[in-house]
Amino acid sequence: WALSSLTQCYLFRGDFHRTRRSVERIRACGEHVGVPEIARILKVLYPTYMAITGFWLGDVEEAQDHAERGLAYHDPVLYAGSTSLYLHDPGVLCRAYGGASALLAGRPERARRLCAEAVATARTLARPWNLVAACMMSANTPIVQRNERPTDPHARRWAHSWDQR
């Protein structure tokens, strides 16, 4: 988990080139770890972090590809047992960043669907950080389309989720 924490630190600092190097180390660890459950978790963390990094670097095609791969690898049952109240679920993040990337790539219907799935999944998990991330990306999606009115419900949920943390 140390590499995951380091990767998140780089993400929050906006140091996306270091983020990529850290994510590559996660991928390498996933290939060599001897515990199958941990290997599967690391296998889904790699595309999740790459989707987020690609989004913030403006490589929306890369972000979408990695988000799709992350969703394909994601096992909600396996991952639910390894998260705490304050960790993000990779399925929520892949949907949220995949949706935002789809919008920037000119696929608005796909963006709306993925962002709605991110919010629904986050609500099901009932973990505040997941709902905050999903609502944040969902609220940004209509803004990019220059249609701010639909952001109101997402923004309210985001603020409410943040207050509950």
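**Let's talk about the overall build of the protein**
Then step 1. Within the protein, the regular secondary structure consists of nine helices and zero strands.
Then step 2. Helices and strands in the protein line up, N terminus first, as α-α-α-α-α-α-α-α-α.
Then step 3. Taken over 165 residues, the protein has a buried fraction of 45%.
Then step 4. Looking at the protein alone, contacts between residues at least 24 apart form 58% of all its contacts between residues at least 6 apart.
Then step 5. Total accessible area on the protein is roughly 8,700 Å²; 55% of this is exposed by carbon and sulfur atoms.

**With respect to the confidence of the model for the protein**
Then step 1. On average, residues of the protein carry a pLDDT of 83, and 79% of them reach 70 or more.
Then step 2. Helix α9 (residues 151-164) is the least confidently modelled element of the protein, averaging 56 in pLDDT, while helix α4 (residues 60-73) averages 94, the highest of any element.

**Observations concerning helix α6 (residues 90-104)**
Then step 1. Spanning 15 residues, α6 covers 21 Å between terminal C-alpha atoms, matching the ideal 21 Å at 1.5 Å per step.
Then step 2. Two to three positions downstream of the cap, the backbone nitrogen of G91 sits 2.9 Å from a side-chain oxygen, assigning the N-cap of α6 to D89.
Then step 3. Among the residues trailing α6, G106 stands out with phi positive, at a value near 90°.

**Some details on the layout of surface pockets**
Rolled over the atoms, a probe with the dimensions of a water molecule shows which regions are left empty.
Then step 1. The calculated volume of the largest pocket comes to roughly 430 Å³.
Then step 2. Taken together, 22 residues make up the lining of the largest pocket; nearest its centre are L11, F12, I52, H88 and L93.
Then step 3. Those elements that place two or more of their residues in the lining of the largest pocket are α1 (2-13), α3 (36-56), α6 and α8 (128-144).
Then step 4. Of the residues assigned to the lining of the largest pocket, the class counts are 17 nonpolar, five polar and no charged.

**Side note on the packing of α1 against α3**
Then step 1. Two elements in contact, α1 and α3, have axes whose closest approach is 11 Å; the angle formed by their N-to-C orientations is 5°. By the angle between their directions, the pair α1 and α3 is classed as roughly parallel. Here S4, T7, Q8 and L11 of α1 lie close against α3, whose contacting residues are L45, Y49, I52 and T53.
Then step 2. Class assignment for the residues of the contact of α1 with α3 results in four nonpolar, four polar and no charged.

**Examining a nonpolar patch on the surface**
Then step 1. There is a patch of nonpolar side chains on the surface, built from V33, V35 and I38 and spanning about 190 Å² of accessible area.
Then step 2. Assignment of secondary structure puts V35 in the loop between α2 (16-32) and α3.

What counts and what doesn't
- Residues numbered from 1 in each chain as written.
- Predicted model: local features only at pLDDT ≥ 70, side-chain atom pairs only at ≥ 80, totals over all residues.
- Heavy atoms only, no water.
- Helix = DSSP H or I, 4+ residues; strand = E, 2+ residues; numbered from the N terminus.
- Buried < 20%, exposed > 50% of the residue type's maximum accessible area, 1.4 Å probe, protein only.
- Contact = heavy atoms within 4.5 Å.
- Areas by Shrake-Rupley, 256 points an atom, 1.4 Å probe, with all protein chains shown as cover.
- pLDDT = per-residue confidence, 0-100.
- Expected span 1.5 Å × (residues − 1).
- Polar contact = N/O pair within 3.5 Å; in protein donor to acceptor, adjacent residues only side chain to side chain.
- 1 Å grid on protein atoms, 1.4 Å probe; cavity = no way out; pocket = protein on both sides within 12 Å on 5 of 7 lines; lining within 4 Å.
- Points joined across faces, edges and corners; volume = space filled by probe spheres on them.
- Nonpolar A, V, L, I, M, F, W, Y, C, P; charged D, E, K, R; others polar.
- Axes fitted to C-alpha atoms, helices over the stretch in contact; angles between N-to-C directions.
- Parallel < 35°, antiparallel > 145°, perpendicular 65-115°, else oblique.
- Patch = residues over 30% accessible without salt bridge, like charges linked within 9 Å, V, L, I, M, F, W, Y side chains within 5 Å.
- Salt bridge = Lys/Arg side-chain N within 4 Å of Asp/Glu carboxyl O.

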